[in-house]
Amino acid sequence: MKTKYRASFSLVIVIALLVFSPVSWAATTPITLEEAHRLALAQNASHALFLWEQDLFEQKEALKKHPQVVLRTDPVSVADGHIQGPKGTLTMSMPLGDNLDLSGKVTLGMHDKGVQVTPSGSLNLDYQFFSVSETSSGGPSPEENRQKQVNNLVLQTVDTLIELRQKLDLQSYEEARLGYLETMLEAARQTPDYDDLELRKEIRDQHATLALGAEKIETLQLRLATILGTSGITYDPVFVVQELNIQLDEEVLQEDMFASSIALREARTALETAQEKLALERRSRGWDVNANGAISLNPSSESTGQDPWGWSIGLSATKTLYPRNVILEELELAVAKGEHALENVETSLMTELRGAVQGVRAAQDRKKLKADHLGEVREDLALRHRQYDAGLVTLLQVEDTALDLNRAELDYAHESMSLAQSILNLWNVCGRDVRTLVFQVIQ
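Scoring rules and cut-offs
- Residues numbered from 1 in each chain as written.
- Predicted model: local features only at pLDDT ≥ 70, side-chain atom pairs only at ≥ 80, totals over all residues.
- Heavy atoms only, no water.
- 1 Å grid on protein atoms, 1.4 Å probe; cavity = no way out; pocket = protein on both sides within 12 Å on 5 of 7 lines; lining within 4 Å.
- Points joined across faces, edges and corners; volume = space filled by probe spheres on them.
- Helix = DSSP H or I, 4+ residues; strand = E, 2+ residues; numbered from the N terminus.
- Nonpolar A, V, L, I, M, F, W, Y, C, P; charged D, E, K, R; others polar.
- Core = buried A, V, L, I, M, F, W, Y, C linked by side-chain atoms within 4.5 Å.
- Buried < 20%, exposed > 50% of the residue type's maximum accessible area, 1.4 Å probe, protein only.
- Contact = heavy atoms within 4.5 Å.
- Salt bridge = Lys/Arg side-chain N within 4 Å of Asp/Glu carboxyl O.

Topic: empty space enclosed by the protein
Now for step 1: Across all of its chains, the model carries two cavities of 30 Å³ or more by this definition.
Now for step 2: Looking at the largest cavity, its volume works out to about 50 Å³.
Now for step 3: For the largest cavity, the full set of lining residues is Val241, Gln242, Leu244, Lys367, Ser416, Leu419, Ala420, Ile423 and Val441.
Now for step 4: Among the elements that line the lining of the largest cavity, the one with the most residues is helix α9 (residues 395-429), at four residues.
Now for step 5: Among the residues making up the lining of the largest cavity, the classes are represented as six nonpolar, two polar and one charged.

Notes on the layout of surface pockets
Vacant regions in the atomic arrangement are exposed by a probe of water-molecule size rolled over the atoms.
Now for step 1: Considering only enclosed or pocket space, the second largest pocket measures out at about 440 Å³ in volume.
Now for step 2: Looking at the second largest pocket, it is lined by 15 residues, and the ones nearest its centre are Lys148, Ser260, Asn428, Val429 and Gly431.
Now for step 3: The set of elements that each furnish at least two residues to the lining of the second largest pocket consists of α4 (142-189), α6 (250-260), α7 (262-284), α8 (324-389) and α9.
Now for step 4: A per-element tally of the lining of the second largest pocket places α4 first, with five residues.

Quick word on the nonpolar core
Now for step 1: Judged by nonpolar contacts, the single largest core of 59 residues is most densely connected at Val158, Leu228, Leu353, Leu424, Leu426 and Ile442.
Now for step 2: Those elements that provide at least two residues to this core are α2 (33-43), α4, α5 (197-228), α6, α7, α8, α9 and α10 (434-437).
Now for step 3: The biggest single contributor to this core is α8, with 13 residues.
Now for step 4: Here Ile442 is in contact with Leu33, Val158, Ile162, Phe239, Val240, Gln242, Ala420 and Leu424, once residues within four sequence places are set aside.
Now for step 5: Of all hydrophobic cores here, the second largest spans 14 residues; its members include Ala176, Leu178, Leu185 and Ala188.

Some words on the pattern of salt bridges
Now for step 1: Here the structure, examined in full by the defined rule, presents 17 salt bridges.
Now for step 2: Two residues, Glu332 and Arg282, come together in a salt bridge whose shortest N-O distance is 3.1 Å. Here Glu332, found in helix α8, pairs with Arg282, found in helix α7; they are 50 residues apart in sequence, far enough to count as distant.
Now for step 3: Glu332 gets classed as partly exposed once you look at its relative accessible area, which sits at 35%.
Now for step 4: Arg282 gets classed as partly exposed once you look at its relative accessible area, which sits at 46%.
Now for step 5: Across the pair Glu415 and Arg366 runs a salt bridge, and its minimum N-O distance is 2.9 Å. Of this pair, Glu415 sits in helix α9 while Arg366 sits in helix α8; the two residues are 49 residues apart in sequence, bridging distant segments of the chain.

Keep in mind these values describe shape, not function.
Below, the structure is given as structure tokens:
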């Protein structure tokens, strides 16, 4: 009988070696985290379109500081029953400051007497004495947009690699478990009057588990290929999770988060604008005072004996006549709403930060529990070996405990991956550059 179990145990060992061998029987391509990031940043379609959009945005912003030139042509027109000759205008305008702009125009006309060119230009001033200074809305800069996009792509790549690695590990374990169950069934069939109904049902369930696992792995492979911008390649993620003793100082993390939060910056800018408008209303007492002036040149007026140079200057003051206390109350309400919105943003950010910190602490606690469980299962396997040497248990029972140890090792490794993900998520929430920090936790 013992010889029979030794043969069965040998078969299980062969199956386990085949399943857990580092040599993959499928055509897989090993990929490291560094290689995955390089491919994603270079070939990801969404990332490429984003960079293109950002480049165009920066070009448009740069053009605002240059003169704008507009060309208009009128090939044919009819006036007072007469067909007019073709003409065109070239207009150039350029802002010289918040209250000053320069414009010029050249008109080119063709008629039976030849070509007529009429240039003209003007320099215009429009100044408002009581006005809120034009400031940015506190929105993200192009550099911040790029960092956010890269952070999201890096985290998406890391999450997919880790999930694929975990599914591949579990699939190998389930295959080893199936081999163990089939060995048990073979041994049971050699035992007279042994009821193997439950064992055969367990094997069928195990086949279903493997089929479902294969579908999930195929889906993850397709997702990873989409992220990396590749096709027709089956990947085998290869990385090592580093032991990182992160210090969760909420005050430091809060400073980083508040300094990088775009929503907080926009709320502060909105509040400052509302406060400035209220202060301006109280200072001006509702009066809106404007100064405007212009200097123009129109050479065509020389033909009529007029001075081609013209200038004008003026001062105006306006005031809304409905009760001023209503205006002040509206502005005070806007300030109160701005303060309330700022408080809500700060509260929301603190909630998000504490959730991310709690996620790291929970992952640390789970990892410690998995480590304790792993130590217990190792002790169980050592006990099984001693029991087997004493003839108290069979080799199949030893193999069953060995499979439990393999699962405990996988659970510990996977929990280490989850801890790394929670740390990266915390850094992302705090606005840090995940691309440069990711290799501190995963290599």
